[in-house]
Structures are given as C-alpha cells and as structure tokens.
Amino acid sequence: MNVLVTGANGFVGLPLCRLLARSRMRVRGAVRTAVSGGDFEPIAIGDIGANTAWDAALKDIDVVVHLAARVHIMRDSAPDPLAAFRAVNVHGTVRLAEAAREAGVKRFVFLSSAKVHGEASADHPFSEADRPQPYGPYAVSKWEAEQALAGIAGSDMQLVVLRPPLVYGPHVRGNFLALLRAVERRWPLPLGAIANRRSLLYVGNLADAIARSVSHVAAAGRTFLVSDGEDLSTPELVRALAAGLGVEPHLIKVPRALLLWGGTMIGRRAAVERLIGSLQVDSRRICSELDWMPPYSAAQGLE
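Residues numbered from 1 in each chain as written. Predicted model: local features only at pLDDT ≥ 70, side-chain atom pairs only at ≥ 80, totals over all residues. Heavy atoms only, no water.

A short note on the overall build of the chain
Condition: The way it works is that DSSP assigns letters per residue, a run of H or I at least four long becomes a helix, a run of E at least two long becomes a strand, and they are numbered from the N terminus. Note on classification: 1.4 Å probe, protein chains only; a residue is buried when its accessible area is under 20% of the maximum for its type, exposed when over 50%, partly exposed between these limits. Residue-level accessible areas treat just the shown protein chains as cover; the underlying method is Shrake-Rupley with a 1.4 Å probe.
The secondary structure content of the chain amounts to eleven helices and nine strands. Taken along its principal axes, the extent of the C-alpha atoms in the chain is 55 × 40 × 40 Å. In the chain, which comprises 303 residues, the share counted as buried stands at 48%. In the form shown here, the chain has an accessible surface area of approximately 14600 Å², with 52% of it arising from carbon and sulfur atoms.

Dropping the structure here:
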C-alpha cells in the first residue's frame, strides 16, 4: 500500500511514518521543504493552501493521511485568526482532498480534534453522537474541514475522521510542555484541590490508531474519538509526570474559584479554565469497530 502523509516530519508524522514503514507500507511524506526522510520518501510541497500543487505527491498513492494543519497558537498575531486557520485547515484540506479524489486515492484519513465538540465536557464524556459545538478559530476550522470533506468523499474515496483530545509525547509544546517543565523544576503548583477529568492521548497511541484507520475495512466513512482510555485529573497528571521524571510533585490545595480569579487578574483565565476544567471523550467506538486498543498505557506514555 502506498500512503501519503502530510506533515510527515512533525510531532505526529514522524512516529506515524515509522510505524507505517514497519508495517511494510511505502510512505511518501509531504513536507514544506525538502528534508531527508528516514522512514518516508520526502516530497516538498511548500505551504498548504487553496493553490497547493499536489499532483507529484499523489502519484500512485492509495491512502492519504492528512496531519498538516495550522494548530492552536497561544498568542496569535494574525489580524484575522479565523481566516488564517481557514486558509490552511479548510481551503488547504479541500484542495488536497479534491486532488486526491482526481488522482484515484481510495481513502482519506483526516486528523481533526475533539475540540469540535467544545472546550469542556459537562456531565458525560463527548461521544461521536454529540452535536459539534466548536469554540475558537482552530476548532471551527477543523469542523468546517470535516463538513467539506464529507461532501467530497464518496464511494470512490472513503473518508475516515479521527478526533483526538490533547496529544502528548516527545517534542510536545504549548501548555503541556509548560506544565512538564514546572514539575521538573519542582515548582509549587496550586492544583491540589482540582477534581476534574481530562482525556489525553499519547502520540504513540495516536499513530497506532491512524495506522489502523489506514487499512481496516470497517473504518470507511466513520468518525472516531480516540484517547488513552484512562482519564486523569490535573493533580493525577502532575503526579504521573513527576513519577516519570523521578521527582517529588509539589501540589498545593487552592480553591478553584481563587485560581479562576487569579487567571482573570493576569489575563490568562482561558488557559486556567483549560487546565482545571474537564474534557473527556468516549473512545469505545474505535475500540469496538476497529478492534483497537491503545498499545501504551497512560503511565507508559507519560514516562
């Protein structure tokens, strides 16, 4: 099987290409600029957008795995963030999907986000049956891309959509890396009183789920939420990170309301809400329909 992976040299792309290559698939990696591939044949396509030329990258390809995207940015300087996200995540995705269908690609696997369901789950984990309620430019662009892809795919090109929660692993960035550094430096963290639940996904588990979606016949036309299957509170996450680092965690019990007030005072309320809020997903569909189980436990992934 010949597979094209966009963003092949990225956070998810590298472990995915390694896994696909070990499964004896021929992997071509679409990257912005030419790089040595290692586990994939690199092909430079430049920036992804409405005018990207995909013909050479798609030649003789059976399956496309579309990982490349404009991701959430902590302090976005774009004058119109939603337009910037749409340019890559919607228009760029549509251009690729249309070119893939014309090239005879049989399956298109799209990495979306659990955030299309919202920023926080309420009294039950999100499931694929829940109505999407995306909040923020990134989530909106992913949901719009999903809808556009549904109109492009059909009997001649199957669509598979994966919606992961927060993904962690080597080279992770953003808030997760900031929390990891704080634990490593043994800073006191005022999170001991938080009783939330968060679904997480180790990048190795995500790569395995994508690989299953590439080849499993039952994945065609389906959307899957995927996680480690072990939801953690923020204090449990801190303790697990500390155990992996071989350090003692320093958790201080501070009331939730006081944390939110402090976040408001320093202009970081949204970040605090994400850290102490709950976002759970129900990944039983992919486990039952694709006979998939995460190959790594949360403890193994975090270590």
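Next, the rest of the story.
Comments concerning the environment of arginine 274
In this fold, arginine 274 is placed in helix H9 (residues 269-276). In this structure, the C-alpha to C-alpha distance between arginine 274 and tryptophan 54, residues 220 residues apart in sequence, is 37 Å.

What about the pattern of salt bridges?
As a reminder of what qualifies: Each salt bridge in this description consists of a side-chain nitrogen of Lys or Arg and a carboxyl oxygen of Asp or Glu lying within 4 Å of one another.
Scanning the model with the defined rule gives twelve salt bridges in all. For the salt bridge of arginine 86 with glutamate 144, the shortest nitrogen-to-oxygen distance reads 2.7 Å. Of this pair, arginine 86 sits in helix H3 (residues 81-102) while glutamate 144 sits in helix H4 (residues 137-152), and the two are 58 residues apart along the sequence. Ionic pairing is found between glutamate 119 and lysine 115, a salt bridge with its closest N-O pair at 3.2 Å.

Focus: the sheet that holds strand S2 (residues 26-31)
Through backbone hydrogen bonds, the strands of a sheet pair up, either in parallel or in antiparallel fashion. Inclusion rule: Following DSSP output, two strands are said to pair if at least two bridges run between them. Here, axes are lines fitted to C-alpha atoms. For helices the fit covers the stretch in contact, and angles between N-to-C directions go from 0 to 180 degrees. Note on contacts: a residue pair is in contact if any heavy atoms of the two residues lie within 4.5 Å.
Taken in spatial order, the seven strands of this open sheet run S3-S2-S1-S4-S5-S6-S9, and their pairing is parallel. Single-partner strands in this sheet number two, and they are strand S3 (41-44) and strand S9 (223-225). Across the sheet, the mean angle from the axis of one strand to that of its neighbour is 20°, orientation sign disregarded. Contacts from H4 reach strand S5 (107-111) and strand S6 (158-163) within the one sheet, and its direction differs from that of S5 by about 170°.

Comments concerning unusual backbone geometry
Not every positive phi belongs to a glycine, and histidine 171 is a case in point at roughly 75°. Here histidine 171 is to be found in the loop between strand S7 (166-168) and helix H5 (174-184). The backbone of arginine 186 sits at a positive phi, close to 60°, despite the residue not being glycine. Its location among the elements puts arginine 186 in the loop between H5 and strand S8 (200-202).

Re the packing of H3 against H4
Stated formally: Angles are sorted into four bins: roughly parallel if under 35 degrees, roughly antiparallel if over 145, roughly perpendicular if 65 to 115, and oblique for all others. Each helix crossing is assigned a hand: it is left-handed if the near helix lies turned anticlockwise from the far helix by less than a right angle, otherwise right-handed if that turn is clockwise.
Interaxial distance between H3 and H4 falls to 9 Å at its minimum, and their mutual angle equals 20°. Relative to H4, the element H3 lies roughly parallel. With respect to the hand of their crossing, H3 and H4 are arranged in right-handed fashion. Residue-level contacts link Pro81, Leu82, Phe85, Arg86, Asn89, Val90, Thr93, Val94, Ala97, Glu98 and Arg101 of H3 to Pro137, Tyr138, Val140, Ser141, Glu144, Ala145, Ala148, Leu149 and Ile152 of H4.

Things to note about the pairing of strand S4 (residues 63-66)
Covered by surrounding structure in S4 are Val63 and Val65 together with Val64 and His66, the residues of both alternating faces. Sheet topology places strand S1 (residues 2-6) next to S4; four bridges connect them, and they run parallel. Paired with valine 3 across the two strands is valine 63, which belongs to S4. Summarising the sheet, S4 and S5 pair through four bridges and their orientation is parallel. Across the sheet, residue valine 64 finds its bridge partner in S5, namely phenylalanine 108.

Side note on H3
The line we're drawing: Take the number of residues in a helix, subtract one, and multiply by 1.5 Å to get its expected span. Bending is quantified residue by residue as the angle between axes fitted to the seven-residue window ending at that residue and the seven-residue window starting at it.
The end-to-end C-alpha separation of H3 is 31 Å, in line with the 32 Å expected for 22 residues at 1.5 Å each. Of all the bends in H3, the greatest measures close to 35° and is centred on alanine 87. Within H3, burial applies to Phe85, Val88, Asn89, Val90, Gly92, Thr93, Val94, Leu96, Ala97, Ala99 and Ala100. Of the surrounding secondary structure, the elements contacted by the buried residues of H3 are S1, helix H2 (55-58), S4, S5 and H4. With its phi angle positive at about 85°, glycine 104 sits one or two positions after the end of H3.

These values are about where atoms sit, not about what they do.
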